[in-house]
Amino acid sequence: MEVERCNVSSKDRCLNDSLEEEILAFLIDDEAQLRTYDDLTKVNPVTPTTVLRCLQARYSVKVFYTHAGCTLVALNPFQPVPDLYTLDVMKEYHRAPQLKDPKPHLFIVAEEAYRSVQGQLVPVDQSLVVSGESGAGKTWTSRCLMKYYATVAASSSVVQSQDTVERIERRVLDSNPIMEAFGNACTLRNSNSSRFGKYIQLQLDGCQLLVGASVQTYLLEKTRVAYQPANERNFHIFYQMMKAATFEQRKEWHMPHGHHFGWLPNVEKTMEEDCFQETVDAMVHLRMNAERQRQIFRILAGILHLGNVKFSISTDESQLCDIKEQSKDSLQGAAELLQIPAEALQTCLRVRTLKAGRQSVHKPCSQVECRTRRDCLAKVVYAQLFEWLVTFINGSICADKSTWCNFIGVLDVYGFECFQSNSLEQLCINYANEKLQQHFVSHYLRAQQEEYVSEGLQWSFVKYQDNQSCLDLLEGSPISVFSLLDEESRLNRASDAEALGVRLEKELGDNGNISWDKFSKVPHFSVAHYAGKVDYKLQGIVEKNKDPVAPELIGLLQISDNPLLRQIFQEKETENLSSKGLNKVTVVSKFKNSLESLMSILHTTTPRYTRCIKPNSDCKPFIFQKEEVIMQLEACGIVETIHISAAGFPIRIPFKAFVQRYGSILQNSSFMSGAPDPVKAGSDNEMDLQEVQRLLDSVFQLSAHIGREPKSLVHCGQTKVFLTQSMLDLLEDHRKNILSKCALCIQRCWMRYQRRKRHERRHSATLIQAAVRSWLVRRRVQKWGRAAALIQKSWRKWRAMLKSLAEAELDDAEDLARQDVPELNATGIQEPITVRGWPMGLALPSAPSITLSMRATGFHKMMSVVASLKVPSRRGEYKVETNQNMQGITSIRAQPKGSVKLHCKRSPLLYANRQPEMRNYVTGFNELLLEKAQ
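Residues numbered from 1 in each chain as written. Predicted model: local features only at pLDDT ≥ 70, side-chain atom pairs only at ≥ 80, totals over all residues. Heavy atoms only, no water.

## Side note on the overall build of the protein
Item 1. The helix and strand inventory of the protein stands at 32 helices and 20 strands.
Item 2. Total accessible area on the protein stands at roughly 50000 Å², and carbon and sulfur atoms take up 53% of it. (Helix = DSSP H or I, 4+ residues; strand = E, 2+ residues; numbered from the N terminus. Areas by Shrake-Rupley, 256 points an atom, 1.4 Å probe, with all protein chains shown as cover.)

Structure, rendered in structure tokens:
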């Protein structure tokens, strides 16, 4: 105990007291200054202690994301932070012109991947690798990434496709609650720990819109169905059913209130993941009908009832184990819910069938074997149901291959685990984490430095922790831990843990990553992983690797009356029947194959890393334990990553691609300065290099304000251009300005062309309108001319006829002349004078009398006008009063005899505004008559 205390105290002094002068100078900086380091490459010097101090300062002010070169470090706050993941925050990062401006965030990594799918040069698929220990927040991070892409990649401006986009977004998001309900559980380190690995492939079309998704799963921890470690729980779905079932559902599932199930520990624990209605709603949104849901829940309830089936110890090996009396109801309930015969179920659990040649031998099982067969039945049913759910989800959300061209993958795997008792499950989980760490090491830490040397950069290698030796121990050829496990599992004999331990020590004792505790009485072996040393017990590990399933159990499930249960087992054959000897499929071999397929996908995509860090082992909010954090930083190589990112060039672009993208900068500068310099003849690579150097010189001339040595920003290798992020941003800014100017010029030309076309169309329309109007006027004038000619002709004809009639009736003129007509003097007339005359102006003795009151001259003319027009003078020079009968028409030939009525077919109002021309003179025949009257 004293030794441990000394070790802890010495470690604390190493972290806080015994620091070099430059580290001490960094640590005594103002804490407000440390909080501003949003990228750990700005830390100087870069040591585990300085990095730890910076993260602690940011964590204290609730800043949880920090860049570490190419990696994003995410500290788990262990409590909800809703303002950090709102829709407005998503839009802010999605619309940011430069991602270096906003604060570090998970959405920056997501947006970089989204923009890089069809980004700078060649469309490249992306993979977001979320890694960290169990409880570090990987599941929450993956959920936020899916929500981000479902929001920004599903926004469509096309109204017709908006419903389709929303349906796809809803289904992709609804796959999460189902997967977490059936695949996550509460462990000691995490209340929502993923007990399986998944790679979610978000499928994008040519417009970068989300059109579908697919899910690949790896190694479900199905043993949790029948075995739960202390203070841990089973899968969430069982607790959701227990807490939220209705009365009818409880009655159907045989789950009365207060009923205890052996496989559901810690039921009283309240968790936000126990949301049954959310799981059901997700099933509905994925188009799962009510009958299919009912079949699933009946299967799950049957599994729970299987866990309550207990067997008594048989004193005679030849006799069957009896089922305890209190377990018979559970057996009957399991048979009813699984819809299989209760007698057949009881027989399969207690009797083992052995084949000897062509004959079958039935052998009673011991109590341990009965429990094993019961657990095996529950595990295989749950595992097959989980696989069916994954297939169903993929069928609902996966798009046709012809509709998508690129994808963004989100990898969420179980974190590194180390418990007091570790078995095959922890070995596979930690092996997967080793593979991911090796992918990071080979892709970034080693590959980048080797490329610097091969391209001629002056580079001194940064040392890093390479875990290749650990992988060789686990999966190497010809002898490794997995190969020995598979060999032992394929032998048709009972496993011996001690013999297996001796063989491991004999075959692999030379590898420094494996060790044994000589004083331990339990067979085990220890592996030094990149994240720490883990002890694995050998007892039962071979049986777990075999994962045997009795043929009679599969046959029993194939005759079930449950359509879903019968469907998922109708094509399944046990490994014992389909494969024999060394061809048997083991858990390790199956997991290795699936992991290799995952790694092949990661190698063909551009990876982006997010390291989730757990600040404390108790999962309490805002507690920062230095030892816990620094152990994780050293295990995942954060310090080495910062060193390489700070001194290296993270962006590498081939010469041709570089000129192809940024050649517009050189063309623009050459146009401004004159003709470009001729390029000397040489090889294509040399010509490309000269072109790149000219382009970079042009950029540095245009950006004389950068304030740094050019060689520190960019380096030309043998075949590639190596850039820092700041140099890439500078090039992108120049390119963006040039493209903006070109776009502005194109817009001006297009607008000028459009305006000229509009002017030409308007002028043409004016000419056409003028021509049409002139044609219409000509037609109207011609029509008027013809009408006028017709009127004139009719008028002349009428005048001639009237003249002839008047001449024929002038016989009475002499009688009128003989009468004594007093001389009239227009100027001396003061009283009204009665004059006889016709309305047309004929002053005849037989005409009706007209009384005139004359106050002016020109009697004869005015009398003729008044008599013919019957309207007052417009000048007011005389007043006319007539006693003529106005209701009839009197002929010029005969005296009127009574009134003659005129019947008009049309209303006289149509002619109300028509009147003859007003004249103060009389010509023609009336003038002659008036002269004679004088």
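## Side note on the pairing of strand E6 (residues 197–204)
Item 1. With eight of its eight residues buried, E6 lies for the most part within the structure.
Item 2. Here E6 shows a buried face lined by Gly197, Tyr199, Gln201 and Gln203 and a second buried face lined by Lys198, Ile200, Leu202 and Leu204.
Item 3. Of the strand pairs in this sheet, E6 and strand E7 (residues 210–218) are connected by eight bridges, and their pairing is antiparallel. In the sheet register, Gln201 faces E7, and the bridge partner there is Ser214.
Item 4. The turn joining E6 and E7, which pair antiparallel and follow one another in sequence, is formed by five residues; a positive phi near 60° is taken by Gln208.
Item 5. As paired elements, E6 and strand E10 (residues 406–412) share seven bridges and run antiparallel to each other. Bridge pairing in E10 places Leu204 opposite Asn406. (Buried < 20%, exposed > 50% of the residue type's maximum accessible area, 1.4 Å probe, protein only. Pairing = 2+ DSSP bridges.)

## Examining a nonpolar patch on the surface
Item 1. Where nonpolar side chains cluster on the molecular surface, the patch consists of Ile768, Val772, Trp775 and Leu776 and spans about 380 Å² of accessible area.
Item 2. Looking at the element boundaries, Val772 is found in helix H29 (residues 725–808). (Patch = residues over 30% accessible without salt bridge, like charges linked within 9 Å, V, L, I, M, F, W, Y side chains within 5 Å. Salt bridge = Lys/Arg side-chain N within 4 Å of Asp/Glu carboxyl O.)

## Looking at helix H25 (residues 626–635)
Item 1. Those residues of H25 that sit buried are Glu628, Val629, Ile630, Gln632, Leu633 and Ala635.
Item 2. Just beyond H25, the residue with positive phi is Gly637, at close to 75°.

## Notes on the packing of aromatic side chains
Item 1. Taken as a whole, this structure holds 26 aromatic pairs when the rule is applied.
Item 2. Between the aromatic rings of Phe440 and Tyr609, the centroid separation amounts to 4.7 Å while the plane-to-plane angle is 85°, which identifies the pairing as edge-to-face. With Phe440 in helix H16 (residues 424–454) and Tyr609 in strand E14 (residues 606–613), this residue pair connects regions lying 169 residues apart in the sequence. With respect to class, Phe440 is no different from Tyr609; both count as buried.
Item 3. Seen from their ring centres, Trp750 and Tyr753 are 5.6 Å apart, and the 35° between their planes marks the pair as tilted. Here the residue Trp750 and the residue Tyr753 both occupy positions in helix H29, the gap between them amounting to three residues, near one helical turn.
Item 4. The ring centre of Tyr239 lies 3.9 Å from the NZ or CZ of Arg233, which sits over that ring.
Item 5. The lysine or arginine in question, Arg611, covers the ring of Phe440, its NZ or CZ lying 4.6 Å from the ring centre. (Phe/Tyr/Trp six-rings, centres within 6.5 Å; stacked < 30°, edge-to-face > 60°. Lys NZ or Arg CZ within 6 Å of the ring centre and 35° of its normal.)

## A few points about unusual backbone geometry
Trans peptide bonds make up the majority, and among non-glycine residues the majority have a negative phi.
Item 1. Omega for the bond connecting Ser477 with Pro478 falls within 30 degrees of zero, at 5°, which places this linkage in the cis form.
Item 2. Assignment of secondary structure puts Pro478 in the loop between helix H17 (468–475) and helix H18 (481–490).
Item 3. Positive phi values are uncommon outside glycine, yet Arg287 reaches one of about 65°.
Item 4. Its place among the elements puts Arg287 in the loop between helix H11 (276–285) and helix H12 (290–306).
Item 5. Although it is not a glycine, Phe622 adopts a positive phi angle of roughly 60°.
Item 6. By the secondary structure assignment, Phe622 is in the loop between E14 and H25.
Item 7. For Phe622, a relative accessible area of 30% gives the class partly exposed.

## Considerations on the environment of Val129
Item 1. As for its placement among the helices and strands, Val129 is situated in strand E3 (residues 126–132).
Item 2. For Val129, a relative accessible area of 3% corresponds to the buried category.
Item 3. Ignoring sequence-local partners within four residues, the contact set of Val129 consists of Leu411, Leu602, Arg608, Tyr609 and Thr610. (Contact = heavy atoms within 4.5 Å.)

## As for the state of the cysteines
Item 1. If you walk through the whole model with that rule in mind, you get zero disulfides.
Item 2. We note that Cys186 lacks a disulfide partner, and the nearest cysteine sulfur, in Cys619, lies 9.4 Å from it.
Item 3. Among the residues examined, Cys186 registers a relative accessible area of 1% and is labelled buried. (Disulfide = S-S within 2.5 Å.)

## Some words on the environment of Gln667
Item 1. With respect to the helices and strands, the residue Gln667 is situated in helix H27 (residues 655–673).
Item 2. When the C-alpha positions of Gln667 and Leu695 are compared, they lie 8.9 Å apart, and in sequence the two are 28 residues distant.

## Quick notes on the sheet that holds E10
Item 1. With mixed pairing, seven strands are arranged side by side in an open sheet as E1-E2-E14-E3-E10-E6-E7. Looking at the sheet topology across the chains shown, the edges are occupied by strand E1 (65–68) and E7. Taking each pair of neighbouring strands and ignoring which way they run, the sheet shows an average axis angle of 20°.
Item 2. Where strand E2 (residues 71–75) and E14 come together, five bridges link them in parallel fashion. By the bridge assignment for E14, Thr71 is matched with Tyr609. (Axes fitted to C-alpha atoms, helices over the stretch in contact; angles between N-to-C directions.)

## Quick notes on the sheet that holds strand E11 (residues 514–515)
Item 1. Read across the sheet, three strands follow the order E11-E12-E13 without closing on themselves; strand pairing throughout is antiparallel. Each end of this open sheet is capped by a strand with a single partner; those strands are E11 and strand E13 (532–537).
Item 2. Pairing between strand E12 (residues 524–529) and E13: six bridges, direction antiparallel. Its bridge partner being in E13, Val527 is matched across the sheet by Val534.
Item 3. The strands touched by H16 within the sheet are E12 and E13, with E13 carrying the most contacts at an inclination of about 150°.

Functional significance is not addressed by these values, which are geometric in nature.
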